[in-house]
Protein chains: 2
Amino acid sequence: MNPVSQPPHISPTPALYLIPVNLSDAPLQSVLPQYNLHLVRQLRYFIVENVRTARRFLKACDRSIDIDQITFFELNTHTDPAAVPSYLEPLRGGEPVGVMSEAGCPAVADPGALAVAEAQRLGLKVVPLIGPSSILMGLMGSGFNGQGFTFHGYLPIEEGARLARIRELEADTQRTGRTQIFIETPYRNNKMVDFLARTLHPTTMLCVASGITDPQRESILTRTAAAWRTARYDYSKIPTIFLIGKN
Amino acid sequence: MNPVSQPPHISPTPALYLIPVNLSDAPLQSVLPQYNLHLVRQLRYFIVENVRTARRFLKACDRSIDIDQITFFELNTHTDPAAVPSYLEPLRGGEPVGVMSEAGCPAVADPGALAVAEAQRLGLKVVPLIGPSSILMGLMGSGFNGQGFTFHGYLPIEEGARLARIRELEADTQRTGRTQIFIETPYRNNKMVDFLARTLHPTTMLCVASGITDPQRESILTRTAAAWRTARYDYSKIPTIFLIGKN
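Calculation notes
Residues numbered from 1 in each chain as written. Chains lettered and ligands numbered in written order. Predicted model: local features only at pLDDT ≥ 70, side-chain atom pairs only at ≥ 80, totals over all residues. Heavy atoms only, no water. Phe/Tyr/Trp six-rings, centres within 6.5 Å; stacked < 30°, edge-to-face > 60°. Helix = DSSP H or I, 4+ residues; strand = E, 2+ residues; numbered from the N terminus. Buried < 20%, exposed > 50% of the residue type's maximum accessible area, 1.4 Å probe, protein only. Contact = heavy atoms within 4.5 Å. Buried area = accessible area lost by both parts, 1.4 Å probe. Salt bridge = Lys/Arg side-chain N within 4 Å of Asp/Glu carboxyl O. Pairing = 2+ DSSP bridges.

**Q** Can you help me understand the packing of aromatic side chains in this one?
**A** How two aromatic rings sit relative to each other is set out by the distance from centre to centre and by the angle between their planes. Counted by the stated rule, this structure contains 15 aromatic pairs over all chains. When the centroid spacing of 6.2 Å and the interplanar angle of 25° are considered together, the rings of A:Phe46 and A:Phe72 count as stacked. Highlighted residues: A:Phe46 in strand β2 (residues 45–48) and A:Phe72 in strand β3 (residues 71–74), separated in sequence by 26 residues. The exposure class of A:Phe46 is buried, given its relative accessible area of 0%. Residue class for A:Phe72 comes out buried when judged on its relative accessible area of 16%. Centre to centre, the rings of B:Phe182 and B:Phe242 are 5.9 Å apart; their planes meet at 15°, and the pair counts as stacked. Highlighted residues: B:Phe182 in strand β7 (residues 179–183) and B:Phe242 in strand β10 (residues 240–245), separated in sequence by 60 residues.

**Q** Honestly, the interface of chain B and chain A in this entry has me stumped. Any pointers?
**A** On the side of chain A, 59 residues touch chain B, which itself brings 59 residues to the contact. Interface area for chain B against chain A, summed over the two sides, is near 4,400 Å², with a carbon-plus-sulfur share of 59%. Broken down residue by residue, the surface that chain B buries against chain A is led by B:Gln120, B:Ile130 and B:Met140, which jointly contribute 16%. The tally of links from chain B across to chain A stands at zero salt bridges. Residue assignment for the side of chain B that touches chain A shows that the elements contributing at least two residues are α1 (28–31), α2 (34–42), α6 (112–121), β5 (126–128), α7 (134–142), β6 (149–154) and β9 (219–224) of chain B. Per-element tally for the side of chain B that touches chain A: the top contributor is α7(B), with seven residues. Sheet analysis places strand β6 (residues 149–154) of chain A next to β6(B), joined by three bridges and oriented antiparallel. Bridging across to β6(B), A:Thr150 finds its partner in B:Thr150.

**Q** Before we go on, may I ask you to explain the pattern of salt bridges in this structure?
**A** Where charged atoms from two side chains of opposite charge approach closely, those side chains can pair. In the structure shown here, the tally under the stated rule is 20 salt bridges over all chains. The partner of B:Arg121 in a salt bridge is B:Glu118, and the shortest N-O contact between them spans 3.1 Å. Placement of the pair is B:Arg121 and B:Glu118 together in helix α6, with a separation of three residues, close to one helical turn. Among the ionic pairs, B:Asp172 bridges to B:Arg178, the shortest N-O distance being 3.6 Å. Classification of B:Asp172 as buried rests on a relative accessible area of 13%. For B:Arg178, a relative accessible area of 22% gives the class partly exposed. Connected through salt bridges with shared partners, the residues A:Arg162, A:Glu184 and A:Arg188 form a single ionic network.

Pasting the structure below:
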């Protein structure tokens, strides 16, 4: 047996552990450090965006995990923020607690940040672990400037407001060199590429980073808006990140 | 032997692999997926920010790696950008090529992005791997809004310009809720905390994320500017990320 695959028989330091989960069906050892898998096996309390996804992830980490011994606290857009302090009770009592979102790194674009903010307020230790982030991996793969970049989340849905925002982002990139990063609801990805290709200046560079970590579908392509106009693509329903930038 | 620890005897797909390296002395299996270590052993060409650091990293991945069989292309601030296309010759010939920076994820805040941009121009496949990023981990651990954030790199050095920029960032956070992320030359970290504590509005939240992934020194603390004013700290010479945000 490889010693690395043996869980160390020491309890983890009491802390709020921010545990990334997979973004795709890639094998877990392709996307997570071995240490994360060890740590996860030793935790008995998790704050999770979705209990079903969390159970599935834990079983994928280690089939022998006894899910019934685990307490899940659900923290998502339906959760009353007033409940969050009670989720940290085990940690206040000295028990390590994990935080997991539906996909990727928790406490970035999901309600897990509320648990982290509360832990910080209480002076409790917070430890982020390493895992896949489509924002960061899209930025790496784009070839764009990473010395300055902004993540915007979703753009406005209404067409006029969306157009105005895209023009604003393009102008900011021209002026500051900053890379602009945003996302879209996956079933509208093709519409977004089409809209960007038509509205951006033909020489503006657009990167479409899709299916990040997916062994079959990952594709990170940087082209001018003009080249996207005539390109063939189908990003429908594949999680995708859009980047406007300079290189 | 654990099958996971055996290198798969298939050649990796020809691509430009963006290979994160460690940020601290933490064991590599704590910070990198097993897959990265396998992949690295199979590459014969690397574009690196610093050859000495790259050799040390490869030896840490696998002592049996024969460094003399490896071709390193150095790409840093001293490199003539005109040399970059020649670094991609092996990839154009079907050989996978790795990119590594001095620390953390390559092609973000280092010249590796030039190689990625050139690969994108040539239509060559680019594959980012997973590893530690102090920007992302600082954001996760801060508890701040991750739905919108900007990384600014370094702030201006001149005190008046620095003050103006900090005021601007603080106002942007107040207005948009966006998290502002920036760095400082490590030996000036304490001065930066002091400056921020004195110039930010007392209720503005400041996170200092220091020694990310370092088993002994990692510390991620979010407090009001007022609380930082009276806090005791020493971040001198420890790589540190600063975040202003809302929670």
